[in-house]
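Residue-level listing of the chains:
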Amino acid sequence: MPLDADAIRRGCRGEVTAATQLCGAELGRFKAVAAEDGPLTVACTQQAALFSQVASENNRANSIQFANIRETAGWSGDADRAGPKMAALLAAAAEVAAPTPTVQLESGGVILIYGRDEAAIEAGDLLKEHLDVTVLIAPPAAIAPPRNADYPIAKGRITSVKGHLGAFDVVVDDFAEAAPSSRRALTFGASRNNARSTCDIVLDLTGGPALVPADLRDGYLRADPGSPAAILQAVLKARDLVGTFEKPRYITFDTRLCAHSRSKRTGCTRCLDSCPAGAITPAGNYVAIDADICAGCGQCATACPTGAASYALPAEDALVRKLRAMLLAYRQAGGERAVVLVHDESHGGPLIDALSRFGDGLPANVLPFAVNEVTQIGLESITAAFAYGVSAVRFLLRAKPRHDVSGLTRTIALADPILAGLGFGPARLSVIATDDPDGLIEALRTAPADAPTPRPASFRAVGGKRDVLRFALAELHRAAPAPVDVIPLPEGAPFGAVEVDAAGCTLCLSCVSVCPTSALRDDPERPALRFVEDSCVQCGLCRTTCPENVITLVPQIDFRASRAPTRVLKEEEPFCCIRCGKPFGVKSSIERVVAKLEGQHWMYSGSAQRLDAIKMCADCRVGFVAEQGFESYGAPGPTVRTTDDYLRDRDGKRDPVGRSN
């Protein structure tokens, strides 16, 4: 492949060494460079194991980063113009993210095989020497009995599966154990419902709907019972699921930022609505994310408006920094009209390889950007990419995704009006759902080539997810072809304003007490409701809590919000205590209460002075009630009758006041 070392030098920092047989005849050159122990990136992934071994044998302490510039750039019909892309790929590989925390799953090898026919028995025979097998046959369970009772066989219908690898909890109805005396067909004893079983692995050979959401649960395997090859593949996977396994803790969660609920009022449910694995459940004021169940799609993190849930493989700021390194190097090396192709390694990697080996390869301006899951890309990454100067972003998905991708669809629907409103034009974001390399290249050729040229940014992302998003939006606004201050957004957007019907608001400040981000605030000096739009995440808790129903959410993005002062939504004069003069309430509310109680309530009848208790602060009111000798907080107590009262009634001797002494 052609190698434009000069373009790579322009785009990449540090010394660039070019070679043609670095893993063979020129291996000595690699040893010399690796011995220096400084940061090192090698543009070859095929021989990564060899390079790592040689570096280890020469006592290199620092790790080596690897980048594939052959299938992604060099093997292409545009290879002679791929120098800037190679520089971009090398620069991105040099950005190293922090290690991701992990969780451990332990499996003892107890497997439940659930099927409808003899295929389940055959799978049990293959696994009985390796795992602790139990076979469950779905009714009617009309199968021939096996010759040997090597493992338990029962019939039943699974109604519920909870848990994960090493900790499944299964509920079975119509459960009955097989009789050992079965002759022509298996016979079963008395059946019962709601039988429970625990196991480490579940192998589903029924061919029916998945028992757990979207086949994303570790330890849950499915195979078509009519395909011996698929069954064998599932059996081989199950055989290896014994021992202790580590998986990434994909999501970092901070309950302090969660806006799910307050005071038994539900606000934000974005993560609950987007999780395809069933790993998120309500837990009081917050949600709970089960890291053992989480499959790492990242849609909860992209949907979370406060940053309570953030992706960790890598973190959002690390992902944006990698994107920055790639796009800055591409621009510095002379690249133009960059199109970022976001893909995963399990699906997108082989598709790009096939395109490079058997087709024209990727165009020179298409920069592949590998992530763990395409659905982990949030608004902060998209806005940062356009702030850094890309022309378009494409998301490569399977023709039939493993799980629901509605979270990505919502992210695109949110980013589209922002880009269009700032003058970037239409069709800057789209999904390519294909398993065909030819379909991929055809879709990439339709990417816009005449994108407006913004004033590219070069900011470095730091901080949490919400901070990165704010910074990226501010830089996008600065770089936009046609910047405007306010852009309306679709419902569910994490930005917006709050409108209050001032005539109906009583300044009870219930909304202030439930606002999780302090976007709604009171005033310590006077009765007032204030609003900070930059802090609002449109969770809706204020709207659901307001007793007067006078709050409306307005989804929008106001690029002035970060600099705007606090806005007063409603303000009133305080009511001052008629005794001590201390302000203690809202004037209109006190006057309204007095008007309603005057002549209408027994507690304040009989004396015009009694209503003065309403016009006093708490301290003065206590003294006033004691002076006046009336109970202002309850009705007169019922007359107490004793045994003597009943005896007098019987003898006809009633006390004049109807009460015993």
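Before reading on, note that the structure itself is shown above.
All of the points below concern the structure found in this document. (Residues numbered from 1 in each chain as written. Predicted model: local features only at pLDDT ≥ 70, side-chain atom pairs only at ≥ 80, totals over all residues. Heavy atoms only, no water.)

1. Here's the deal with the pattern of salt bridges
Within this structure, the stated rule accounts for 25 salt bridges. In this structure, the salt-bridge partner of Arg-81 is Asp-78, at a minimum N-O distance of 3.1 Å. Sharing partners across several salt bridges, the network here consists of Arg-70, Glu-71 and Arg-357. (Salt bridge = Lys/Arg side-chain N within 4 Å of Asp/Glu carboxyl O.)

2. Quick look at the packing of helix H11 (residues 348–358) against helix H14 (residues 437–444)
Direction vectors running N to C along H11 and H14 enclose 85°, while the axes themselves pass 9 Å from each other. Of the possible angle classes, the one that applies to H11 and H14 is roughly perpendicular. Every residue of H14 that contacts H11 at Leu-351, Ala-354 and Leu-355 is listed here: Pro-437, Leu-440 and Ile-441. Taken together, the residues of the contact of H11 with H14 break down into 6 nonpolar, no polar and no charged. (Axes fitted to C-alpha atoms, helices over the stretch in contact; angles between N-to-C directions. Helix = DSSP H or I, 4+ residues; strand = E, 2+ residues; numbered from the N terminus. Parallel < 35°, antiparallel > 145°, perpendicular 65-115°, else oblique. Contact = heavy atoms within 4.5 Å. Nonpolar A, V, L, I, M, F, W, Y, C, P; charged D, E, K, R; others polar.)

3. Some details on the sheet that holds strand S20 (residues 392–397)
If you trace the 4 strands from one edge of the open sheet to the other, you get S19-S18-S20-S21, paired in parallel fashion. Each edge of the sheet is formed by a strand with only one pairing partner; in this case those strands are strand S19 (366–371) and strand S21 (429–433). Going across the sheet, the axis of each strand differs from the next one's by a mean of 25°, ignoring polarity. In this structure, S20 lies alongside S21, joined through 5 bridges in parallel fashion. Within S21, the position partnered with Leu-396 by the bridge is Ile-432. Along the sheet, helix H13 (residues 406–421) makes contact with S20 and S21, crossing S21 at roughly 150°. (Pairing = 2+ DSSP bridges.)

4. With respect to helix H10 (residues 316–332)
Across its 17 residues, H10 extends 24 Å between first and last C-alpha, which sits within 8% of the 24 Å expected from 1.5 Å per residue. Across the 17 residues that make up H10, a large majority, 14, are buried. (Expected span 1.5 Å × (residues − 1). Buried < 20%, exposed > 50% of the residue type's maximum accessible area, 1.4 Å probe, protein only.)

5. Here we look at the packing of helix H5 (residues 83–94) against H10
At a minimum axis distance of 7 Å, the contact between H5 and H10 shows a crossing angle of 155°. Compared by their axis directions, H5 and H10 come out roughly antiparallel. Every pair of crossing elements has a handedness; the one defined by H5 and H10 is right-handed. On H10, the residues touching Pro-84, Lys-85, Ala-87, Ala-88, Ala-91 and Ala-92 of H5 are Lys-322, Ala-325, Met-326, Ala-329 and Tyr-330. Classifying every residue of the contact of H5 with H10 by side-chain character gives 9 nonpolar, no polar and 2 charged. (Left-handed = near helix turned anticlockwise from the far one by under 90°.)

6. Comments concerning a nonpolar patch on the surface
On the surface, Leu-126, Leu-232 and Leu-236 cluster together to form a nonpolar patch covering roughly 260 Å² of accessible area. Assignment of secondary structure puts Leu-236 in helix H7 (residues 228–239). Judged by relative accessible area, Leu-236 falls into the partly exposed class, the value being 37%. (Patch = residues over 30% accessible without salt bridge, like charges linked within 9 Å, V, L, I, M, F, W, Y side chains within 5 Å. Areas by Shrake-Rupley, 256 points an atom, 1.4 Å probe, with all protein chains shown as cover.)

7. As for the side chain of Thr-306
Along the polypeptide, Thr-306 turns up in the loop between helix H9 (299–303) and strand S17 (309–311). Judged by its relative accessible area of 11%, Thr-306 is buried. Side-chain polar atoms of Thr-306 contact the backbone oxygen of Leu-257, separated by 2.7 Å. A distance of 3.2 Å separates a polar side-chain atom of Thr-306 from the backbone nitrogen of Ala-308. Apart from the residues lying within four places of it in its own chain, the contact partners of Thr-306 are Leu-257, Cys-258, Ala-259, Arg-466, Thr-517 and Val-537. (Polar contact = N/O pair within 3.5 Å; in protein donor to acceptor, adjacent residues only side chain to side chain.)

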